[in-house]
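Observations on the model geometry
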Number of protein chains: 2
Amino acid sequence: MADVARLAGVSVTTVSHVINGTRPASQRTRDSVLAAIERTGYRPNTIARALARGGTQSLGLAISGLSNPYFTDVVAAIEAAAGRAGHTLLLGDTREDPEHELRIVRALAERQVDGMLLAPTVGALEHALPYLESQGVPTVLLDRFVDVPLDQVGCDNEQPTARLVEHLIDKGHTRIAMAIGIPGLSTTDERVRGYRGALERGGLAFDPGLVAEGHSQRDAARDAMHTLLELPDPPTAVVSGNNFMTIGLLRAIAERGLTVPDDLALVAFDDFEWADLFAPRLTVIRQPTTELGSRAVELLLSRLADPDRPPRTERLEAMFVHRNSCGCTGPSPALQLRAQPSKA
Amino acid sequence: MADVARLAGVSVTTVSHVINGTRPASQRTRDSVLAAIERTGYRPNTIARALARGGTQSLGLAISGLSNPYFTDVVAAIEAAAGRAGHTLLLGDTREDPEHELRIVRALAERQVDGMLLAPTVGALEHALPYLESQGVPTVLLDRFVDVPLDQVGCDNEQPTARLVEHLIDKGHTRIAMAIGIPGLSTTDERVRGYRGALERGGLAFDPGLVAEGHSQRDAARDAMHTLLELPDPPTAVVSGNNFMTIGLLRAIAERGLTVPDDLALVAFDDFEWADLFAPRLTVIRQPTTELGSRAVELLLSRLADPDRPPRTERLEAMFVHRNSCGCTGPSPALQLRAQPSKA
DNA sequence: CTGTTAGCGCTTTCAG
DNA sequence: CTGAAAGCGCTAACAG
């Protein structure tokens, strides 16, 4: 920058100002500065600027399972929204482990992110959250809700899950199992509540023996499903608590030579981009991933703009996507697909 | 930090040194500094440290299609490898557009990343690459190869694609179509070369009419497949150039009421985590995504350690995964799945 | 074993 | 309309 100033025959102050357009300068000086920048190949040092200004124009994102297609979409949306607002993303994976989450969150905070987007783990209340609070880092929670006065955005879980279960009840099922996620996560708890509520309203008793502890993971769900299928009176239908577990359940079912939906109906939380190419096509709840990501960023930006506004909690609506794994013979793939023409 | 020093009754120098363990200090001072840090809730300012040290301990990653499951795995691997080495990731999406790629790369460079990981777009040679070169940013290229003296790591494309095609030829197919990706990308070109080579060796003429320009995209592939299927003499087999296009091809096929592999055989580049749950189970080439990501990071770290070592180009091997969409009746899902027991 | 001090590259008062 | 100079929070000679 000193080079530029020298070459343009002005002070660094002026260079700074023309770069940032932060105060008027004569046409001539502006031109010569710009020219000098060009000639020197000058690249502004964001790090130094951040130090001087006390703001980095970057946001931290701490999330679990970067390879979860659900979160992938969310991350993409966040990256886009952040980019639009001139912010960069710093990324960390919590590994769904409170200790590691704290490490990640701390690393991001020490890199002076202006704000933090966090999909809190079960232990966040004891680790990451107190840290963020003590450090005064503007934070918005994502996907999972926690009982703290912070901005939060996630999807509705209870009602959509109930909807899934009700559909199975309507079709005459009475032994309906559920693969549940990590206990303690609001998403898990709410989905379980939706499941139990629907059973109750349908006049069916809740049977703990029909709950498969899938821990949101593929292989755990698969193992649990095997156990369920070995029951003397196995379930005739199963609802999956998330996409990973859906894979596990399908595996277990296939491994026993059973077929969905003939031998067992299956409905699931989380859509796949190719859920309609599976055999059978999956009936699922689709979460508004893109909206979730962009709303989270909007919330964070608005908090940065106004640190004192009261925290907001937003609940996004999920969508029931009716296909065939529930046992219904829906529209043929061809018809359904034609109904949503390509963008190209 | 001044606070800490005051509270501990030492100089900031000492504080700095005990934090970084960069020079010996007496047990007593060390303890009191640590205690002071604890009491003040002091959080080191990485930004300031970076400015003083001239290094940020962060790496830039510019890649296209963050939501592409293939890249997702790569990103996850990179994040892990970078984290292990104490680096954070700054993330940007090139959108497969050279202009945007330059913007992203510039943003990352201005944030003083220590090095850059880049999956170059077709226009990188005219935009991003010259910029990186002029700014002297240590860079490793990822996934796609470009003819420049930089570290590069990607997969073998030609031979695996040929393998796919040969398999179809072995099964008696003579009208074999291919959905190809973005022209100009080394991955696309190499896969096309593999396709043509295999045809030739199999005594089949290359027919440009059987090439579907899928541009690596789902919907373009779908449209192109429809066109192909309307041919008077349509293909009896198709090879997909990447995962997105596979989805598009399958859609088009389903939309015409055709079945894989009975009406049409399909083999594809890129595996899916649930490719064996599709109907039919997909015969694919699986790329070593995790290895790709970690090798890329290793290359970059080694370049940072030794800026003058000659550039290296590494080619990773891909794997032929034989399932049923090619028309073979492989092992039953149950058998195959049991053969690879869960980690749990 | 510890402290003083001069920067890192930029922004931003405060004075012209 | 423009400059001088004081920091932002930390590191690393250099000196003791």
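Residues numbered from 1 in each chain as written. Chains lettered and ligands numbered in written order. Predicted model: local features only at pLDDT ≥ 70, side-chain atom pairs only at ≥ 80, totals over all residues. Heavy atoms only, no water.

Chain A carries the name LacI family transcriptional regulator in an unreviewed UniProt entry, which gives Solirubrobacter ginsenosidimutans as its organism.

Topic: the overall build of chain A
Defined as follows: The numbering of helices and of strands both runs from the N terminus, where a helix is a DSSP run of H or I of at least 4 residues and a strand a run of E of at least 2. Atoms counted for the radius of gyration: C-alpha only. Globule rule: 2.2 Å times residue count to the power 0.38. Each residue gets one of three labels from its accessible area relative to the maximum for its type: buried under 20%, exposed over 50%, partly exposed in between, using a 1.4 Å probe on protein chains only. Whether two residues are in contact is decided by their heavy atoms: any pair within 4.5 Å suffices. Per-residue and other accessible areas were derived by the Shrake-Rupley procedure at a 1.4 Å probe size, with only the shown protein chains allowed to occlude residues.
From N to C terminus, chain A includes 13 helices and 12 strands. Its C-alpha radius of gyration of 26 Å places chain A more than 25% over the 20 Å reference for a compact globule of 344 residues. The dimensions of chain A, computed from C-alpha atoms along their principal axes, are 85 × 50 × 35 Å. When burial is assessed residue by residue, chain A has 56% of its 344 residues classed as buried. Put simply, 70% of the contacts in chain A that link residues at least 6 apart link residues at least 24 apart. When the accessible surface of chain A is totalled, it reaches about 14,300 Å², and 50% of it is carbon and sulfur.

Looking at the protein's contact with DNA strand C
Test applied: Nearness here has a simple test: a residue counts as near a molecule or strand if at least one of its heavy atoms is within 4 Å of that partner. For this analysis, a polar contact is any N or O atom pair within 3.5 Å, provided that within protein one partner can donate a hydrogen and the other can accept it, and provided that sequence-adjacent residues contribute only side-chain to side-chain pairs.
Among the 24 residues in the neighbourhood of DNA strand C, the closest are listed as Met1, Tyr42 and Arg49 of chain A together with Thr13 and Arg23 of chain B. At the protein interface, 58% of the atoms of DNA strand C within 4 Å belong to sugar or phosphate. Separating a phosphate oxygen of DNA strand C from a backbone N or O atom of serine 26 of chain B is a distance of 2.9 Å. Alanine 52 of chain B is positioned such that a nitrogen or oxygen atom in its backbone is 3.1 Å from a base oxygen of DNA strand C.

A look at the protein's contact with DNA strand D
In the region of DNA strand D, 24 residues are neighbours, and Thr14 and Arg23 of chain A together with Met1, Tyr42 and Arg49 of chain B sit closest. Sugar plus phosphate, as a fraction of atoms of DNA strand D within 4 Å of the protein: 58%. Within the backbone of serine 26 of chain A, an N or O atom sits 3.0 Å from a phosphate oxygen of DNA strand D. Within the backbone of asparagine 45 of chain B, an N or O atom sits 3.2 Å from a phosphate oxygen of DNA strand D.

Remarks on the packing of aromatic side chains
So the rule is basically this: Only the six-membered ring of Trp is used, alongside the rings of Phe and Tyr, when aromatic pairs are assigned; centres must lie within 6.5 Å, and planes under 30 degrees apart are stacked while those over 60 apart are edge-to-face, with the rest tilted. Here, a charge over a ring is recorded when the distance from Lys NZ or Arg CZ to the ring centre is within 6 Å and its angle to the ring normal is within 35 degrees.
According to the stated counting rule, one finds four aromatic pairs over all chains in the structure shown. On the basis of an interplanar angle of 40° and a centroid distance of 5.0 Å, the ring pair of tyrosine 70 of chain A and phenylalanine 71 of chain A is categorised as tilted. In this structure tyrosine 70 of chain A comes out as buried when scored by relative accessible area, which is 8%. Aromatic pair tyrosine 195 of chain A and phenylalanine 206 of chain A: ring centres 6.2 Å apart, planes at 80°, arrangement edge-to-face. Separated by 11 residues along the polypeptide, tyrosine 195 of chain A in helix H9 (residues 186-201) and phenylalanine 206 of chain A in the loop between H9 and strand E7 (211-213) bring together distant segments of the chain. A cation sits over an aromatic face here: arginine 163 of chain A above phenylalanine 320 of chain A, 4.0 Å from the ring centre. Above the plane of the ring of phenylalanine 269 of chain B lies arginine 191 of chain B, whose end atom (NZ or CZ) is 3.7 Å from the centre.

Description of the interface of chain A and chain B
Put simply, the rule reads: Accessible area, probed at 1.4 Å, shrinks when two parts are joined; the buried area is that loss added up over both. Salt bridges are defined by distance alone: a side-chain nitrogen of Lys or Arg within 4 Å of a carboxyl oxygen of Asp or Glu. Under the grouping applied here, Gly and all other residues not named as nonpolar or charged are polar, the nonpolar ones being Ala, Val, Leu, Ile, Met, Phe, Trp, Tyr, Cys and Pro and the charged ones Asp, Glu, Lys and Arg.
Counting residues at the interface gives 60 residues for chain A, matched by 60 residues for chain B. Interface of chain A and chain B: buried area, both sides summed, is about 5,400 Å²; carbon and sulfur atoms make up 58% of it. The three residues of chain A that bury the most area against chain B are Arg43, Arg111 and Trp274 of chain A, which together make up 14% of that side's buried surface. There are zero salt bridges connecting chain A and chain B. There are 16 residue pairs in polar contact (both at pLDDT 80 or more) connecting chain A and chain B. Those elements that place two or more of their residues in the side of chain A that touches chain B are helix H4 (46-53), helix H5 (69-84), strand E2 (88-93), helix H6 (98-110), helix H7 (128-135), helix H10 (218-229), helix H11 (243-255) and helix H13 (333-338) of chain A. When its residues are assigned to classes, the side of chain A that touches chain B shows 30 nonpolar, 14 polar and 16 charged.

Looking at the packing of helix H2 (residues 12-20) of chain B against helix H3 (residues 27-40) of chain B
Residue and element names in this part refer to chain B. For clarity, the threshold we go by: Think of each axis as a best-fit line through the C-alpha atoms, taken over the contacting stretch in the case of a helix, with angles from 0 to 180 degrees between the N-to-C directions. Throughout this description, any angle smaller than 35 degrees is read as roughly parallel, any larger than 145 degrees as roughly antiparallel, any in the 65 to 115 degree range as roughly perpendicular, and the remainder as oblique.
Close contact between H2 and H3 brings their axes to 10 Å; oriented N to C, the two are set at 90°. In terms of orientation, H2 and H3 fall into the roughly perpendicular class. Judged by residue contacts, Val15, Val18 and Ile19 of H2 engage Arg30, Val33, Leu34 and Ile37 from H3.

Overview of the environment of alanine 162 of chain A
Along the polypeptide, alanine 162 of chain A turns up in helix H8 (residues 158-170). Among residues more than four places away in sequence, those in contact with alanine 162 of chain A are Gly194, Ala198 and Arg201 of chain A.

Brief notes about the confidence of the model for chain A
Detailed reading of the predicted coordinates is not advisable wherever pLDDT is low. Stated formally: pLDDT expresses how confident the predictor is about each individual residue, on a scale running from 0 to 100.
Across chain A, pLDDT averages 91, with 95% of residues at or above 70. pLDDT under 50 marks residues 332-344 of chain A. Its contacts with residues more than four places away, or in other chains, come to 21 contacts.

Side note on the pairing of strand E1 (residues 58-63) of chain B
Residue and element names in this part refer to chain B. Condition: The pairing criterion for strands is at least two bridges between them, as found by DSSP. A right-handed crossover is one whose linking path, passing over the helix from the first strand to the second, runs clockwise when the strands point away from the viewer.
Within E1, six of the six residues are buried, which leaves it mostly tucked inside the rest of the structure. Residue alternation in E1 divides its side chains into two sets, Ser58, Gly60 and Ala62 and Leu59, Leu61 and Ile63, and both sets are buried. In terms of strand pairing, E1 meets strand E2 (residues 88-93) through six bridges, oriented parallel. Its bridge partner lying in E2, glycine 60 is registered against leucine 90. Handedness of the crossover joining E1 and E2 through helix H5 (residues 69-84) is recorded here as right-handed. Inspection of the sheet shows E1 paired to strand E3 (residues 115-118) by four bridges, in the parallel sense.

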